[in-house]
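What the coordinates show
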Amino acid sequence: MKRVLIKLTGTVQGVGCRHATLTKARALGVTGYVTNCVDGSVEVLAQGSNPAVDNLIAWCELGVPCTDGLMVRVEEDQGDDIYLDFSIVR
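Bear in mind the structure is a predicted one, so any value in this text is a computation, not a measurement. (Residues numbered from 1 in each chain as written. Predicted model: local features only at pLDDT ≥ 70, side-chain atom pairs only at ≥ 80, totals over all residues. Heavy atoms only, no water.)

Let us now look at the UniProt feature "domain: Acylphosphatase-like" (unreviewed entry) in the protein. Here, the residues flagged by UniProt with the feature "domain: Acylphosphatase-like" (unreviewed entry) are residues 3–90. The span residues 3–90 carries 30% helix and 40% strand; its end-to-end C-alpha distance comes to 21 Å. (UniProt positions renumbered as here; feature names shortened; annotations may be inferred. Helix = DSSP H or I, 4+ residues; strand = E, 2+ residues; numbered from the N terminus.)

This is the structure:
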């Protein structure tokens, strides 16, 4: 199992980024969450099989639909929470 924290910066809030990420993550079988951050970025916690998480990272790096000036930072996450689904956290 792989678990990463993905930070998306640029014009990523108010453009459908969270909903697009939710749809893609669920299609890949990735669990975790996506949320807006107070600094204007979007945070994605993704956990699942290595190929599924890698595919979500690659999708983010290609450019989440509707975003502008997208920058993606990925780091391994050592948390131990178990997510059964992928959701939008408000």
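Let us keep going from here.
Another point: the packing of helix H1 (residues 17–28) against helix H2 (residues 50–63). Helices that pack against each other are described as a pair by the angle of their axes relative to one another and the distance between those axes. For the pair H1 and H2, the least separation of the axes is 9 Å and the interaxial angle reads 150 degrees. By the angle between their directions, the pair H1 and H2 is classed as roughly antiparallel. The element H1 and its partner H2 pack so that their crossing is right-handed. Along the contact surface, H1 presents Ala20, Thr21, Lys24, Ala25 and Leu28, while H2 presents Ala52, Asn55, Leu56 and Trp59. Among the residues making up the contact of H1 with H2, the classes are represented as 6 nonpolar, 2 polar and 1 charged. (Axes fitted to C-alpha atoms, helices over the stretch in contact; angles between N-to-C directions. Parallel < 35°, antiparallel > 145°, perpendicular 65-115°, else oblique. Left-handed = near helix turned anticlockwise from the far one by under 90°. Contact = heavy atoms within 4.5 Å. Nonpolar A, V, L, I, M, F, W, Y, C, P; charged D, E, K, R; others polar.)

Attention now goes to the UniProt feature "active site" (unreviewed entry) in the protein. Taking the UniProt record as the reference, the feature "active site" (unreviewed entry) is found at Arg18 and Asn36. Over a stretch of 19 residues, the named residues converge on one spot in the fold, their C-alpha atoms separated by at most 7.8 Å. The class for arginine 18 is buried, based on a relative accessible area of 17%. Not counting residues within four places of it along the chain, the set of residues in contact with arginine 18 comprises Val34, Thr35, Asn36, Val42, Ile88, Val89 and Arg90. Its location among the elements puts asparagine 36 in strand E2 (residues 31–36). The residues contacting asparagine 36, other than those within four sequence positions of it, are Gln13, Arg18, Ser41, Val42 and Val89. (Buried < 20%, exposed > 50% of the residue type's maximum accessible area, 1.4 Å probe, protein only.)

Quick look at the side chain of arginine 18 now. Along the chain, the position of arginine 18 falls in helix H1. Of the buried charged residues, arginine 18 lacks a salt bridge, with glutamate 43 as the closest side chain of opposite charge at 12 Å. (Lys, Arg positive; Asp, Glu negative; His and termini not counted. Salt bridge = Lys/Arg side-chain N within 4 Å of Asp/Glu carboxyl O.)

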